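Spelled out, the chains give:
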Amino acid sequence: MAHSLSPVARHPDPPPASPSVLICGQLLDFLADPGGVSDTEAYRHQVNGALWILDGRIAAQGARETVLAHIPAEILARTQRYDYGEHFVLPGLIDTHCHYPQATALAAPGKDLLDWLNRSIYPAEAKLADPELAAQRAEYFLERLLAHGTTTASVFATAHAHSVDAFMAAAEKRRLRMLCGKVMMDCCTLPALSENLEACARDCNDLIDRWHGRDRLRYSVTPRFAPTSSPEQLALAAALLRSRADLHLQSHLAENPAELAAAALRHPGRRDYLDIYAQYDLLGPRTIYAHGIHLSAREEAVLAESGTAIAHCPSSNLFLGSGFFPLARRHAAGVRIGLGSDIGAGTSFSMLRSLHAAHLVAQAQGGPLSPWQGWYLATLGGARALGLEHCLGNFEIGKEADCVVLDPFALPELAARLRQRSATETPLADTLFALMLLGDERCVRAVHILGEVQQPA
Ligand code: GUN
Ligand code: ZN
């Protein structure tokens, strides 16, 4: 891809002294879904690159000297500069599925999904009846998320309305772009997590009014999954989703065979799992379901046609023994896919470790995960899966300037591997593959939100 300087574009009417930030390093971002290992059209790579950020948005990107020459002298004088040398500067990583109340319940006991939920997770979530605890958990979750280089996530709260308030307030304080929603569940769970329909409708409407569209926050209607929602509650979810044009919806789909049976029992007469959600009009371009492992060819085609996204959560699927997500097949069918940690079934906040797990899952089904596909999934692919590509996912002019700085030489094993290059791959492909397989949160050198560097807590 050519490394041309993109033209200067400013946020509409920036105030005269809007913050100006220059971030230098090895830029990498994606413009398209990479088709294969040799696809060099899908990404941009600039070794001596720079991002110029005005008022939190990308104003220019490209070769360092060209970007520098482009900044008017009076602005350059007041520009905050960060030079990361040869470290990679990527768009902030995007976690398309996670549960903040489960952040302190990683590696909790359970022999499979339903046993784990009943034994470990519902009791853990019930504790967030205490608003003080919810506030603490939200702070902890966001602090860990940023420490792992993730800047945007689609997040489940608990069934308590104040758990969403706690999360949104913590995210707003940090000026993060986040999606979150109150978990809707009215059957087959602890009484403490179950709410009647009227209270649920009132809570969700209040939360949407309070948080949706405030700064960078968006509300995601969040029915937990078909086994714990009555038909009436799924109908309520659909009514909420339609109540404003730009709301999102997140839930779970076909993670585990026993879950499929429980969903069919709760919603008899549907031809398959996806049909339960389809019956209530819960598919579409701002809807994302986690997992989608055990699906028929029909369901896969409906996902693709309706533009409904899947959050691939490989570390969770391995932890719970849920099965192997057929990434190559779903991708070939045209399903939009993002990457999810699924904290706390996932065992790490790290999108790098999730890419590692995604590669293992892909290999178990006969093919590696290419570095292009992997880094696309963690950035632009995630933004697209969440319907946020208009503002996030790459360094296109005008997009919000969240980015992560990764040092591929931070770990001795990774550094040793990178000093012994593959004879068959290009240096960039080789580095990105090794970083994806051997890297982790220790490679995160810095995180910038709207250009501003985040101070570690
Ligand atoms: N299905 C319904 N709830 C959950 C949850 O909290 N985690 C996972 N992994 N699957 C679910
Ligand atoms: Zn989940």
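You'll find the structure just up there.
Residues numbered from 1 in each chain as written. Chains lettered and ligands numbered in written order. Predicted model: local features only at pLDDT ≥ 70, side-chain atom pairs only at ≥ 80, totals over all residues. Heavy atoms only, no water.

Chemist: Explain the sheet that holds strand β16 (residues 452-453) to me, please; I cannot follow it from the model alone.
Modeler: Backbone-to-backbone hydrogen bonds pair the strands of a sheet. The strands run either parallel or antiparallel. Pairing is mixed across the open sheet formed by seven strands, whose spatial order is β3-β2-β1-β4-β14-β15-β16. Of all the strands in the sheet, the pair left with one neighbour each is β3 (57-63) and β16. Two strands pair when backbone bridges link them, and strand β4 (residues 80-91) and strand β14 (residues 403-406) are joined in this way by four bridges, in the antiparallel orientation. For Pro 91, the partnering residue across the bridge sits in β14 and is Cys 403. Contacts from helix α14 (residues 371-385) reach β1 (20-30), β2 (43-54), β4 and β14 within the one sheet, and its direction differs from that of β1 by about 135 degrees. (Pairing = 2+ DSSP bridges. Helix = DSSP H or I, 4+ residues; strand = E, 2+ residues; numbered from the N terminus. Contact = heavy atoms within 4.5 Å. Axes fitted to C-alpha atoms, helices over the stretch in contact; angles between N-to-C directions.)

Chemist: Which parts of the structure should I look at to understand the pattern of salt bridges?
Modeler: Where charged atoms of side chains with opposite charge meet at close range, the side chains can pair. Taken as a whole and judged by the stated rule, the model has 30 salt bridges. Note that Asp 115 and Arg 119 form a salt bridge whose closest N and O atoms lie 2.7 Å from each other. Taken together, the residues Asp 115 and Arg 119, both in helix α3 (residues 113-126) and four residues apart, mark about one turn of the helix. If you follow the salt bridges from partner to partner, you end up with Arg 177, Arg 216, Glu 400 and Asp 402 in one network. (Salt bridge = Lys/Arg side-chain N within 4 Å of Asp/Glu carboxyl O.)

Chemist: Help me out: how do you make sense of the nonpolar core in this one?
Modeler: The tendency in soluble globular proteins is for nonpolar side chains to be buried as a group. Residues Phe 167 and Trp 375 are the most contacted members of the largest nonpolar core, which totals 118 residues. Aside from chain neighbours lying at most four places away, what touches Phe 167 is Tyr 100, Ala 138, Phe 141, Leu 142, Val 155, Met 178 and Cys 180. Core analysis: the next-biggest nonpolar cluster, separate from the first, contains 14 residues, Leu 51, Ile 58, Tyr 84 and Val 405 among them. (Core = buried A, V, L, I, M, F, W, Y, C linked by side-chain atoms within 4.5 Å. Buried < 20%, exposed > 50% of the residue type's maximum accessible area, 1.4 Å probe, protein only.)

Chemist: Before we go on, may I ask you to explain unusual backbone geometry in this structure?
Modeler: Where the residue is not glycine, phi is negative for most of them; where a peptide bond is considered, it is trans in most cases. The omega torsion across Ile 343 and Gly 344 is 5 degrees, close enough to zero to call that bond cis. In this structure, Gly 344 sits in the loop between β13 (336-339) and α13 (351-363). The phi angle at Asp 281 is positive, at roughly 65 degrees, despite the residue not being glycine. Structurally, Asp 281 is set in the loop between α9 (273-279) and β11 (287-291). Even without a glycine there, the phi angle at Leu 450 is positive, about 50 degrees. Structurally, Leu 450 can be placed in the loop between β15 (444-449) and β16.

Chemist: Help me understand the pairing of strand β6 (residues 150-156) in this model?
Modeler: Where a strand is regular, its side chains alternate between the two sheet faces. The buried count for β6 comes to seven of seven residues, which makes it a mostly enclosed element. Of the strand pairs in this sheet, strand β5 (residues 93-99) and β6 are connected by five bridges, and their pairing is parallel. Residue Cys 98 lies in a different strand from β6, and its bridge partner there is Val 155. Judged from the five bridges that link them, β6 and strand β7 (residues 177-181) form a sheet pairing that is parallel.

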